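One-letter residues, chain by chain:
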Amino acid sequence: MIVLLYLLIPALLPAQRKLDYRLQVTVNPARQSFFVQGGFTFDTEAAAADSVDVVISKGAGLATLKLEGIAALMDTIHKSTGDIIYRWHFRSSLPAGTPLHFTCAYERGGEPAFQFYLDSSFCMAGGYGAAWYPQVTDGAGNHTRGTGVITVTTPAGLMPVMASSTVTVAGSTYTFHYAQPDIFSLYIGRYTRQEYKGQRPFYTYSLSKGVDGNDLSRKSAAVLDYLSSQFGPLDIPNFSIIEYPDYVADITGIGGASILGGVAMPTGALRRFNYALFGHEIGHQWWGNKVLSAGSKGESMLSEGLAQYGSLQVVGHFDSAHAMAYRRTGYPGYISDQCGLGYLKNVAAGNDEPLVALTGSNGHTIGDSKGFLALELLSGIVGKQAFHKALRTIGDKYSSNGVTWENFQAEVEKAHGSSLQWFYRQWFERTGAPSWQSSWQQQQDKLQLSITQKDSIYQLPLEVLITYSNGATTLQRINISSRSNHLALPVKGTVTNVQVDPYFKVLHWDEALTPEALAQAKVVRVLNLRRQQKNDEAMKLAQSYLDEGFPDDHYGVEYTLLYQMGRIAAMQHKDKDALAYYQRALQCVSRAPDLLAYTYYRIAQLAAAQHDDALMRWAAANALKADAVGDKSDGMDVKVAAFLSSVVAKTP
């Protein structure tokens, strides 16, 4: 499930002023009914003098939407997402600050859409991806956050949940009060609420017994408190961790979302607390929620990049033993390609863009691999204390109107006290990463170190780890800025080994990582097509690689390709083909350790669907064994137990 984890926050800048809602939502999952009625008011901005847009998802019937007291004509525009734009053209231009009052009533129904799902026992209505309630824009597509009161009525036994609000309950009616402007997301299920009281209330809304709400809340509270000390205070009434079923994540393709004052995650992501995952999602409370990007330049870096940077700070503080692995090859149990190796694999696959101009899925793919490492390096040059002071300043100055990339750069330079344009140019405005070769020889009490940059020339602060014959080590810091660099370093004793950047603090073409990145480029090309939902193209390309063969496969490329083909076949409901791909993968000489447990688990799922009890139990047992070897990072003990329990429950 974590592999699918992508944050879902569009650019949300102030479009209209004082937007306030009074809505009543009545949901009956068994009848596939999701009825919304009520009203909303706001004052116009100058850009909306002639017209204003209200967006509502396509429902089971026509929506009734009325503008009170203002003469206007309305037309509709149907979007490919299923949302409908109701465009109101005023008969005469309105001065800025004109109050508008709308009333609405419509049956949304259960028609699925991006971030909207409704079945007999669960509902997800994500405001960031589906306009389940009337959302106001400025005509340029920018949505407006609103305050208000949302009343939700459900059948007995179901609990509605909305983050960053206060709630009052009367029977099966829940009234959510939003004092701080937000985009509203609603989740409904058979929830159990657990509360943890730290500096602010923390709530975990769980659906399954395998989720330890107290542990999640306690650790999340510690992460939020730590990031608050680095990034500044948050104005949220409470924090919510909201579970939704794994099958909903599979159906919708939504592997998690960060919302103001909370996170929503599938069951599989909540079985075991992961500092990188929660550090990233909680980091979005500042970068993407409190502070929005203004303009497209550097937009992904101001949300994804900075949230991932926050994730690295969390790992460094709470789980420092894994910090270097996180930078280099990935954090255990987290998205494996969000690290230096992940970026190098994409470059090898021909996928690269400057960090200031990331497009589409590269906002995550590159922003969460190269991006956070570039920010970490920048923080080291500026100094952590000064860099975080700049981030706190940004949180104070730009939370209302958004921060531009130029604002961000200027605030960091101000905190540093001198120009950083050289850094911005080499890391943010061009593609690629540095590559170098080094050699050394000892001359008495001097170490003659030569470093040659192979491709583009970078100005780099580097660490050099020197090992002596008696086992002692020293760490020295150097700077290089030309193609050929020759340095004389003082040493005490006989030198036996020299490592440049031993802790991977500078993203570069590491000698040990480069062969793997080049080999795994085939997998990345297939995976990127899959992420673009070009499944047929992905299958065709993967098959062409299989036809070429793998005479020297040290990195499990054939295995990973077969696994991805199994995933695609399963999504296309070709269960027999999917099972065959997974079983072929297990026959490969070189396996991918991070996929092994899931391969067995998915075989068990397919075997259960085919009523092959022997294969199902064999695969389930091996999923547990494979996960145990990997320090149980995939949480298969709970996952398999829940799966087997569900199989027994379905057996006549």
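The structure reproduced in this document is the subject of the present report. Computed from a predicted model, the values in this text were never measured in an experiment.

Parameters at a glance
- Residues numbered from 1 in each chain as written.
- Predicted model: local features only at pLDDT ≥ 70, side-chain atom pairs only at ≥ 80, totals over all residues.
- Heavy atoms only, no water.
- Helix = DSSP H or I, 4+ residues; strand = E, 2+ residues; numbered from the N terminus.
- Rg over C-alpha atoms; globule rule 2.2 N^0.38 Å.
- Contact = heavy atoms within 4.5 Å.
- Lys, Arg positive; Asp, Glu negative; His and termini not counted.
- Charge placed at Lys NZ, Arg CZ, Asp CG, Glu CD.
- Pairing = 2+ DSSP bridges.
- Axes fitted to C-alpha atoms, helices over the stretch in contact; angles between N-to-C directions.
- Buried < 20%, exposed > 50% of the residue type's maximum accessible area, 1.4 Å probe, protein only.
- 1 Å grid on protein atoms, 1.4 Å probe; cavity = no way out; pocket = protein on both sides within 12 Å on 5 of 7 lines; lining within 4 Å.
- Points joined across faces, edges and corners; volume = space filled by probe spheres on them.
- Parallel < 35°, antiparallel > 145°, perpendicular 65-115°, else oblique.
- Nonpolar A, V, L, I, M, F, W, Y, C, P; charged D, E, K, R; others polar.
- Expected span 1.5 Å × (residues − 1).
- Phe/Tyr/Trp six-rings, centres within 6.5 Å; stacked < 30°, edge-to-face > 60°.
- Lys NZ or Arg CZ within 6 Å of the ring centre and 35° of its normal.
- Salt bridge = Lys/Arg side-chain N within 4 Å of Asp/Glu carboxyl O.
- Core = buried A, V, L, I, M, F, W, Y, C linked by side-chain atoms within 4.5 Å.
- Left-handed = near helix turned anticlockwise from the far one by under 90°.

**Section: the overall build of the chain**
A tally of helices and strands in the chain yields 18 helices and 26 strands. For 652 residues, the compact-globule formula gives about 26 Å, and the C-alpha radius of gyration of the chain, at 27 Å, lands near that figure. Along the longest, intermediate and shortest principal axes, the C-alpha atoms of the chain span 90 × 65 × 50 Å. Here the contacts in the chain between residues at least 6 apart in sequence split such that 68% fall between residues at least 24 apart. Seen as two clouds, the 56 positive and the 58 negative side-chain charges of the chain have centres 2 Å apart.

**Quick notes on the sheet that holds strand 26 (residues 495-500)**
Spatial strand order, 24-23-26: three strands in an open sheet with antiparallel pairing. Since the sheet does not close on itself, it has two edges, and those belong to strand 24 (473-480) and strand 26, each with one partner. If you compare each strand with its neighbour and ignore which way they point, the axes differ by 25° on average. As judged from the eight bridges shared by strand 23 (residues 460-468) and strand 24, these two strands associate in the antiparallel manner. By the bridge assignment for strand 24, Ile466 is matched with Thr474.

**Thoughts on the environment of Asn497**
Structurally, Asn497 can be placed in strand 26. Here Asn497 falls in the partly exposed class, since its relative accessible area comes to 34%. A sequence separation of 28 residues divides Asn497 from Ser469, and the C-alpha atoms of the two residues are 8.7 Å apart. Apart from the residues lying within four places of it in its own chain, the contact partners of Asn497 are Trp440, Leu465, Ile466 and Thr467.

**Thoughts on empty space enclosed by the protein**
Enumeration according to the criterion identifies two cavities of 30 Å³ or more in this entry. In this structure, the second largest cavity spans a volume of roughly 30 Å³. Together, Ala163, Tyr178, Asp182, Ile183, Ser185, Ile259 and Leu260 line the second largest cavity.

**Quick word on the packing of helix 6 (residues 340-348) against helix 12 (residues 514-531)**
For any two helices packed against each other, the geometry is given by the interaxial angle and the distance between the axes. Viewed as axis vectors pointing N to C, helix 6 and helix 12 meet at an angle of 75°, and their least axial separation amounts to 7 Å. The orientation of helix 6 relative to helix 12 falls into the category roughly perpendicular. Contact residues: Leu341, Leu344, Lys345, Asn346 and Ala348 in helix 6; Glu516, Ala517, Leu518, Gln520, Ala521, Val524, Arg525 and Asn528 in helix 12. Here the contact of helix 6 with helix 12 is composed, by residue class, of seven nonpolar, three polar and three charged.

**Thoughts on helix 1 (residues 213-231)**
One full turn of an α-helix is made of 3.6 residues, so residues set three or four places apart face in the same direction. With 19 residues, helix 1 extends 26 Å from end C-alpha to end C-alpha; this agrees with the ideal 27 Å at 1.5 Å per step. Taken from the residues just after helix 1, Gly232 is the one with a positive phi, measuring 110°.

**Quick look at the packing of aromatic side chains**
Throughout the structure, instances matching the rule amount to 37 aromatic pairs. A centroid spacing of 5.6 Å and a plane angle of 70° characterise the contact between Trp88 and Phe102, whose relative ring orientation is edge-to-face. Residue Trp88 is located in strand 6 (residues 83-90), and its partner Phe102 is located in strand 7 (residues 99-107); the two are separated by 14 residues in the primary sequence. As far as burial versus exposure is concerned, Trp88 and Phe102 are alike and both buried. Geometrically, the ring pair formed by Phe423 and Phe428 is edge-to-face, given 5.7 Å between the ring centres and 75° between the ring planes. Take Phe423 and Phe428: they sit in the same class, and that class is buried. Aromatic rings pair up to connect Tyr21, Phe34, Phe40, Phe42, Trp88, Phe102, Phe116, Trp132, Tyr133, Tyr178 and Phe184 into one cluster. Of note, Arg108 hangs over the ring of Phe116, and the distance from its end group to the ring centre comes to 3.8 Å. The ring of Tyr458 is capped by Arg430, whose NZ or CZ atom sits 4.1 Å from the centre of that ring.

**A short note on the pattern of salt bridges**
Per the stated rule, a full pass over the model turns up 18 salt bridges. Across the pair Lys297 and Glu406 runs a salt bridge, and its minimum N-O distance is 3.4 Å. Here Lys297 is found in the loop between helix 3 (275-283) and helix 4 (301-318), whereas its partner Glu406 is found in helix 10 (residues 405-416), with 109 residues between them in sequence. For Lys297, a relative accessible area of 38% puts it in the partly exposed group.

**Concerning the nonpolar core**
Of all hydrophobic cores here, the largest spans 93 residues; its most connected members are Phe278, Phe408, Trp427 and Phe428. With residues up to four places along the chain from it excluded, the contact list for Phe278 reads Leu216, Ser220, Val223, Ile241, Val263, Met265, Ala269, Leu270, Phe273 and Gly283. In this structure, Leu19, Val25, Tyr203 and Tyr244 belong to the second largest nonpolar core, which totals 61 residues.

**Considerations on the pairing of strand 4 (residues 64-68)**
Because side chains alternate across strand 4, one face comprises the buried residues Leu65 and Leu67, and the other comprises Thr64, Lys66 and Glu68, none of which is buried. Bridge count for strand 4 against strand 7 is five bridges, and the pairing is antiparallel. Paired with Glu68 across the strands is His101, a residue of strand 7.

**So, unusual backbone geometry**
Positive phi is not limited to glycine here, since Phe504 has a value of about 50°. Although it is not a glycine, His573 adopts a positive phi angle of roughly 60°. Structurally, the position occupied by His573 is in the loop between helix 14 (557-571) and helix 15 (575-586). His573 sits in the exposed class, given a relative accessible area of 70%.

**Regarding the packing of helix 16 (residues 593-609) against helix 17 (residues 613-629)**
For the pair helix 16 and helix 17, the least separation of the axes is 8 Å and the interaxial angle reads 160°. It follows that helix 16 is roughly antiparallel to helix 17 by the angle criterion. Between helix 16 and helix 17 lies a crossing whose hand is left-handed. Between helix 16 and helix 17, the contacting residues are Leu596, Ala597, Tyr600, Tyr601, Ile603, Ala604, Ala607 and Ala608 on the first element and Leu615, Met616, Trp618, Ala619, Ala620, Asn622, Ala623, Ala626 and Asp627 on the second. Split by residue class, the contact of helix 16 with helix 17 holds 15 nonpolar, one polar and one charged.

**Remarks on the sheet that holds strand 12 (residues 159-161)**
Across the sheet, which stays open at both edges, the four strands sit in the order 8-9-15-12 with antiparallel pairing between neighbours. Edge positions in the open sheet fall to strand 8 (116-118) and strand 12, since each of these has one partner strand only. Pairs of neighbouring strands in the sheet enclose a mean axial angle of 15°, with direction left out of account. Bridge count for strand 12 against strand 15 (residues 186-189) is three bridges, and the pairing is antiparallel.

**Here's the deal with helix 8 (residues 367-382)**
Most of helix 8 sits out of view: 14 of its 16 residues are buried. Downstream of helix 8 by one or two residues, Gly383 has phi in the positive range, about 100°.

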